[in-house]
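Observations on the model geometry
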Amino acid sequence: MKLTRVATSSLLVITVSLSGCAVFRSNDLPEVETLPGPAASAPKPRAGYEFSSAVNMGNKNPAHENLRAKQEIEFAEVLRESGYFAAVEKGNGKDVNISVELVEKGNPAAIAAAVVTGLSLYTIPSWATVELEATCRVTAADGRTHEYKMKDSATLVQWLPMMVVFPFKSFSEMEDLRKNLYRTLIVRMQADGILPKPGQAARTSSIFIHVEAPAV
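These lines cover the structure that appears in this document, whether it is placed above or below. Bear in mind the structure is a predicted one, so any value in this text is a computation, not a measurement. (Residues numbered from 1 in each chain as written. Predicted model: local features only at pLDDT ≥ 70, side-chain atom pairs only at ≥ 80, totals over all residues. Heavy atoms only, no water.)

Brief notes about the nonpolar core
- By size, the foremost hydrophobic cluster in this structure holds 34 residues, and its most contacted members are Phe 75, Phe 85 and Ile 98.
- Only β2 (46–56), α2 (65–82), β5 (96–105), β6 (126–140), β7 (145–158) and α4 (172–191) provide two or more residues apiece to this core.
- The element that contributes the greatest number of residues to this core is α4, accounting for seven residues.
- Beyond its immediate sequence surroundings of up to four residues, Phe 75 is in contact with Tyr 49, Phe 51, Ile 98, Val 100 and Tyr 182. (Core = buried A, V, L, I, M, F, W, Y, C linked by side-chain atoms within 4.5 Å. Buried < 20%, exposed > 50% of the residue type's maximum accessible area, 1.4 Å probe, protein only. Helix = DSSP H or I, 4+ residues; strand = E, 2+ residues; numbered from the N terminus. Contact = heavy atoms within 4.5 Å.)

What follows is the structure in structure tokens.
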């Protein structure tokens, strides 16, 4: 009987933990919902990339490999789905070389608050803000260099009433936030003439890109 009560209580905590929260994006960057492709005749460079990510909770450390790998897949997917590259492959030596570091910053004090929320079975609310910051340097083969800095954030609210909100504001909001950073990068490259604007032919067929992000 005691074991059953313990198991039941543990299941309740797990269930509440998974549903008693919601993620709200700050939308510091305008939402780039779609990326219309270039003209059919526009030359498409081959892109090679290197991707790394870190977490800064008072001290900057490499992100867990599983998280880094997921984020890398997201980045490559945005480039491939944009329609502006003939191929997107890991490694350098292509027409376009991209090096990316994504850093997530948070307040370590939020961890203690989250513990209190969990112990109260989510009757005591808590929240934590995650900031994403990316500093990007883009250099074309003709020597043109452009630097970009992009920031956005989201807040995780942990509280029992969030069970109603969670289906609409789930953890997928963080993935959408990261992908919007990458789409924004492409839009800014278009604005600077590094990539063609939608429906236009490219000005140059050879580009070098270097992307970095300081210290979610």
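So that's the structure; there's more coming.
Side note on α4
- With 20 residues, α4 should cover 28 Å at 1.5 Å per step; its first-to-last C-alpha distance of 29 Å lies within 8% of that length.
- Among the 20 residues of α4, 14 are classified as buried, and the element is accordingly described as predominantly covered.
- Within two residues after α4, Gly 193 carries a phi angle of roughly 80°, on the positive side. (Expected span 1.5 Å × (residues − 1).)

Considerations on the side chain of Arg 25
- Position of Arg 25 relative to the elements: it lies in strand β1 (residues 21–25).
- Taking the relative accessible area as the measure of exposure, Arg 25 reaches 16% and is therefore buried.
- A distance of 2.7 Å separates a polar atom in the side chain of Arg 25 from a polar atom in the side chain of Glu 31.
- Apart from residues no more than four positions distant in its own chain, Arg 25 is found in contact with Glu 31, Ser 153, Ala 154, Glu 173, Asp 176, Leu 177 and Asn 180. (Polar contact = N/O pair within 3.5 Å; in protein donor to acceptor, adjacent residues only side chain to side chain.)

Quick look at the environment of Glu 81
- Within the secondary structure layout, Glu 81 lies in helix α2.
- Spatially, the C-alpha atoms of Glu 81 and Thr 34 are 9.8 Å apart, while their sequence positions differ by 47 residues.

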